Amino acid sequence: MHARDRLATIAVVDRIADILRMEFGSDAQTIWPVLAALLKDHLRDRPVTITALADLSGLPRTTARRVVFALKAQGWLEFRAVSGSGSRAVIVPSASLLDRLDAITEQTVRMIVGASGADSFDRFDAASLARDTGVPWPHPATAGFDDSVELTLVAYEDPVFDILKRNRTDIERFVGHRVHILTFPQDAFRSALDRALTDAAALGGDAPLLVAVPFPWLAALCEDGHVLELQALQAAGNFSGADFYDAVWDAGWFDKQLYAIPIQPTVEFLWYRQDLFEQEGLNPPQTFDDVLRCAALLQRLTKDRAGITWSAAPGLPIAETFLQILGAQGGVAFDDGVLQVDTDAGRCVIDYLRAMIPWSPPHVRGFDWQRNAQTFGSGKAAMCYHWSNRYGMLDSHALLQKGGRIGIQLHPTFAPEIAPLSPLGGALLAIPSRNDPRAARRAWHAIETLTSPELMKYFVLHGAAGSARHSVAEDSYVVQRNRVIAEIDRLAKGGRIRAFPSPAVPDYHGLVQTLSDHLHPLLFDESGDARSALGKLQAALARERRKH
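Just so it is clear, the structure is predicted and the values come from calculations on it, not from any experiment. (Residues numbered from 1 in each chain as written. Predicted model: local features only at pLDDT ≥ 70, side-chain atom pairs only at ≥ 80, totals over all residues. Heavy atoms only, no water.)

Enquirer: Explain the overall build of the protein to me, and be specific about the residues and the numbers.
Expert: Scanning the protein for helices and strands turns up 25 helices and 14 strands. Computed over the C-alpha atoms, the radius of gyration of the protein is 25 Å, within 12% of the 24 Å expected from 2.2 N^0.38 for a compact globule of 548 residues. Summarising its shape, the C-alpha atoms of the protein cover approximately 85 × 60 × 55 Å along the three principal directions. Counting the 548 residues in the protein, one finds 52% classified as buried. Sequence separation of 24 or more characterises 74% of the internal contacts of the protein that already satisfy a separation of 6 or more. Per element, the accessible surface of the protein, about 24,300 Å² overall, is 51% carbon and sulfur. Here the protein holds 56 positive side-chain charges and 64 negative ones, and the gap between their average locations is 6 Å. (Helix = DSSP H or I, 4+ residues; strand = E, 2+ residues; numbered from the N terminus. Rg over C-alpha atoms; globule rule 2.2 N^0.38 Å. Buried < 20%, exposed > 50% of the residue type's maximum accessible area, 1.4 Å probe, protein only. Contact = heavy atoms within 4.5 Å. Areas by Shrake-Rupley, 256 points an atom, 1.4 Å probe, with all protein chains shown as cover. Lys, Arg positive; Asp, Glu negative; His and termini not counted. Charge placed at Lys NZ, Arg CZ, Asp CG, Glu CD.)

Enquirer: I'd like to hear about the layout of surface pockets, residue by residue, with values.
Expert: Of the pockets and cavities examined, the second largest pocket occupies roughly 650 Å³. Along its surface, the second largest pocket is lined by 34 residues, and Pro501, Ser502, Pro503, Ala504 and Val505 are the ones closest to its centre. Of all the elements in the fold, those that place two or more residues in the lining of the second largest pocket are α9 (218-223), α11 (246-250), β6 (253-254), β10 (338-339), β14 (497-498), α24 (508-524) and α25 (530-547). Residues belonging to the lining of the second largest pocket are distributed by class as follows: 22 nonpolar, 4 polar and 8 charged. (1 Å grid on protein atoms, 1.4 Å probe; cavity = no way out; pocket = protein on both sides within 12 Å on 5 of 7 lines; lining within 4 Å. Points joined across faces, edges and corners; volume = space filled by probe spheres on them. Nonpolar A, V, L, I, M, F, W, Y, C, P; charged D, E, K, R; others polar.)

Enquirer: Please give an account of helix α13 (residues 288-298) that cites residues and values.
Expert: Within the sequence span of α13, burial applies to Phe288, Asp290, Val291, Cys294, Ala295 and Leu298. Within α13, the buried residues cover an arc of 155° as seen down the axis, which keeps them to one side. (Arc of directions from axis to C-beta.)

Enquirer: A description of helix α15 (residues 344-356) should follow, citing residues and the corresponding values.
Expert: For α15, with 13 residues, the first-to-last C-alpha span of 18 Å sits near the 18 Å given by 1.5 Å per residue. Among the structural elements, α13, α14 (316-328), β11 (383-387), α24 and α25 are those in contact with the buried residues of α15. (Expected span 1.5 Å × (residues − 1).)

Enquirer: Residue-level account of the nonpolar core, with values.
Expert: Counting 142 residues, the largest nonpolar core has Phe161, Phe459 and Leu515 as the members making the most contacts within it. Looking at this core, the element that brings in the most residues is α24, giving 8 residues. Apart from residues no more than four positions distant in its own chain, Phe161 is found in contact with Leu153, Ala155, Tyr156, Thr183, Ala212, Ile263, Ala427 and Leu429. Listed in part, the 24 residues of the second largest apolar core include Leu53, Leu71, Leu77 and Ile91. (Core = buried A, V, L, I, M, F, W, Y, C linked by side-chain atoms within 4.5 Å.)

Enquirer: Kindly report on the pattern of salt bridges, identifying the contributing residues and their values.
Expert: The tally for this structure, following the rule as stated, stands at 21 salt bridges. With a closest N to O distance of 3.1 Å, Arg190 and Asp194 form a salt bridge. Here Arg190 pairs with Asp194, and both are found in helix α8 (residues 186-198), just 4 residues apart, close to one helical turn. For Glu487, the salt bridge goes to Arg490, with nearest N and O atoms at 2.6 Å. With a gap of 3 residues between them, Glu487 and Arg490 both fall in helix α23 (residues 483-493), about one helical turn apart. Through salt bridges with shared partners, a single ionic network connects Asp147, Glu150 and Arg178. (Salt bridge = Lys/Arg side-chain N within 4 Å of Asp/Glu carboxyl O.)

Enquirer: Please provide a residue-by-residue account of the side chain of Thr266, values included.
Expert: Within the secondary structure, Thr266 is located in strand β8 (residues 261-273). Of the residues examined, Thr266 reaches a relative accessible area of 6% and is grouped as buried. Side-chain polar atoms of Thr266 contact the backbone nitrogen of Asn389, separated by 3.0 Å. The residues touching Thr266, leaving out its near neighbours within four places in the chain, are Trp387, Ser388, Asn389, Pro423, Leu424, Gly425 and Gly426. (Polar contact = N/O pair within 3.5 Å; in protein donor to acceptor, adjacent residues only side chain to side chain.)

Enquirer: If you had to explain the pairing of strand β5 (residues 209-214) to someone new, which residues and values would you point to?
Expert: By the criterion of burial, β5 is predominantly enclosed, with 6 of the 6 residues buried. Residues Leu209, Val211 and Val213 of β5 are buried on one face, and the alternating residues Leu210, Ala212 and Pro214, pointing to the opposite face, are buried as well. Note: strand β3 (residues 146-156) against β5, 3 bridges, orientation parallel. Paired with Leu153 across the two strands is Leu210, which belongs to β5. (Pairing = 2+ DSSP bridges.)

Enquirer: Before we move on, could you go through the side chain of Ser452 and cite the residues and values that matter?
Expert: Note that Ser452 resides in the loop between α19 (437-450) and α20 (453-461). Within the local environment of Ser452, its side chain forms a polar contact with the backbone nitrogen of Leu455, the two atoms lying 3.2 Å apart.

Enquirer: Quick one: what's the story with the environment of Ala427, residue by residue and with numbers?
Expert: As for its position among the elements, Ala427 is in strand β13 (residues 422-430). Along the primary structure Ala427 and Arg173 are separated by 254 residues, whereas in three dimensions their C-alpha atoms are 23 Å apart. Aside from chain neighbours lying at most four places away, what touches Ala427 is Tyr156, Phe161, Val213, Phe215, Ile261, Pro262, Ile263 and Gln264.

Enquirer: Can you lay out the packing of aromatic side chains for me, pointing to particular residues and giving the numbers?
Expert: Counted according to the given criterion, the structure contains 19 aromatic pairs. The interplanar angle of 40° and the centroid separation of 5.1 Å between the aromatic rings of Phe244 and Trp249 together place this pair among those described as tilted. Here Phe244 falls in the buried class, since its relative accessible area comes to 1%. You can call Trp249 buried: its relative accessible area is 11%. (Phe/Tyr/Trp six-rings, centres within 6.5 Å; stacked < 30°, edge-to-face > 60°.)

Enquirer: Tell me about the state of the cysteines, and please be specific about residues and values.
Expert: In a disulfide, the sulfur atoms of two cysteines are covalently bonded to one another. One pass over the structure, following the stated rule, counts 0 disulfides. The thiol sulfur of Cys384 is not disulfide-bonded, and the nearest other cysteine sulfur, from Cys294, lies at 15 Å. Since its relative accessible area comes to 0%, Cys384 is described here as buried. (Disulfide = S-S within 2.5 Å.)

Enquirer: Describe the packing of α15 against α25, listing the residues and the values that go with them.
Expert: Where α15 contacts α25, the two axes come as close as 11 Å, and the packing angle between them is 125°. Looking at the two axes, α15 sits oblique to α25. In this structure, α15 meets α25 at a crossing whose hand is right-handed. Of the residues in α25, those in contact with Gly346, Arg347, Ile350, Asp351 and Arg354 of α15 are Ala530, Arg531 and Leu534. In terms of residue class, the contact of α15 with α25 is built from 3 nonpolar, 1 polar and 4 charged. (Axes fitted to C-alpha atoms, helices over the stretch in contact; angles between N-to-C directions. Parallel < 35°, antiparallel > 145°, perpendicular 65-115°, else oblique. Left-handed = near helix turned anticlockwise from the far one by under 90°.)

Enquirer: Tell me what's going on with empty space enclosed by the protein, and back it up with residues and numbers.
Expert: Per the stated rule, a full pass over the model turns up 3 cavities of 30 Å³ or more. In this model, the largest cavity occupies a volume close to 370 Å³. Taken together, 25 residues make up the lining of the largest cavity; nearest its centre are Tyr156, Gln186, Pro214, Glu320 and Trp387. Only α8, β8, α14, β11 and β13 provide two or more residues apiece to the lining of the largest cavity. When residues of the lining of the largest cavity are assigned to their parent elements, the largest contribution, 4 residues, is made by β13. Split into classes, the residues belonging to the lining of the largest cavity amount to 14 nonpolar, 8 polar and 3 charged. Of the voids in this model, the second largest cavity is the one considered here, and its volume is about 60 Å³. Along the walls of the second largest cavity sit Glu268, Ser311, Pro317, Glu320, Thr321, Gln324, Trp369, Asn372, Tyr385, His386 and Trp387, which together make up its complete lining. Within the residue set of the lining of the second largest cavity, elements represented by two or more residues are α14, α16 (369-377) and β11. Among the elements that line the lining of the second largest cavity, the one with the most residues is α14, at 4 residues. Residues belonging to the lining of the second largest cavity are distributed by class as follows: 4 nonpolar, 5 polar and 2 charged.

Below, the structure written as structure tokens:
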């Protein structure tokens, strides 16, 4: 056997192993025998039971059954009862598993075709099978694994932190020590974050601690002195902000000092059912009037389909919906620290939100971000205001099965001559000031690892829909994996994304609570005078500012 053939074979096996790890994580080698047996029988239209699948996998039956139930819990396969057979069930791959098979097939075919020589198809060129020339796969920590160290990350429920939790074993190998990840619902996260920042005994005393901080929250934490300034730690290593998008990198700064590093940006779009728009001969909406006209035309009560859905629940959802739509018109204005809402733009946004209500789902006033995304992703709305980090829920397989195709549109404006800005949000990683110097250095090393190009690519390949870095958006696998990444990259390079408010205000929670207290009755009380109510909101914002 020629040495070149042997090297080529090793390269092929290594590359296939890389592809499987990208799609299934570190457990790929364990679960693949079960998945391969299931997928082969499914593609040959052969129903398979749990016992039969265990036997086909070649694994010990107990091991195979354990893998089957673990895969079911992860949503990669489903049990379907056989009609008339009592409790007998067959196993079928889920939509997400079939999507992963398509991704594996695409990468494998591209590898083989690209590596085949012009003169012969029976020998691979080992050099052409080298790892992707873009961002590489993450490597285990160079210092090895220290089991005596456990870092705690306090975060909120978001796709990127869900990925961290699901793949914790991988993450621990990359950072070089144990990682404990706590996530809280977004409406309960502020109190959990406050406890983590102030109560040393609650989370393990002097163990290293990291916290996730939504972009708009950072200013208040910096002003209170609860998070560590990071420039000294950054200067001690080679970490640079040059590869980050400017608007995303700026989100980690307050008062000209660096306090946090972006791990996952998200951009808000108007999502729309492209298939429905094409059926009706409609163009993507550019203005408020376009949205309302399309919503009226596409609403189908008989099909349980609203014209549009949005996040209107009290608290952060409704307040941030108002801020994002107002900001997209050209910015959020402040006068002596007071948000200006009783303006032409503010009145237009209020009138627009009130006008959307008849074309919205019946209970939209209680919709948070999750319920909003689920409504659109299940085909119950023709349009949806939402963040890109919920791409997987919005562009769902359920819609694909119905023939649905999703379009992405920048925020519509109240006048056609306005160039919209895309609202920017996302998550930062910060180090609480209560970390001692040694723990702070460990926490900084974890930040360097988790926000590296390699880990950001890892997140995208495991389902994330955002990246803070230029290099990741230019990676060929990333571009193929998620089309939203390329759109965010285009907007960021064109200076079309911005966080609102920008710069962040220290009393952000007081601001949004005041907005929520007044916006809900202002929008949903049909008998109220919107102009008078908007004036009262403006006065309340001024009082809140003086109080702070």
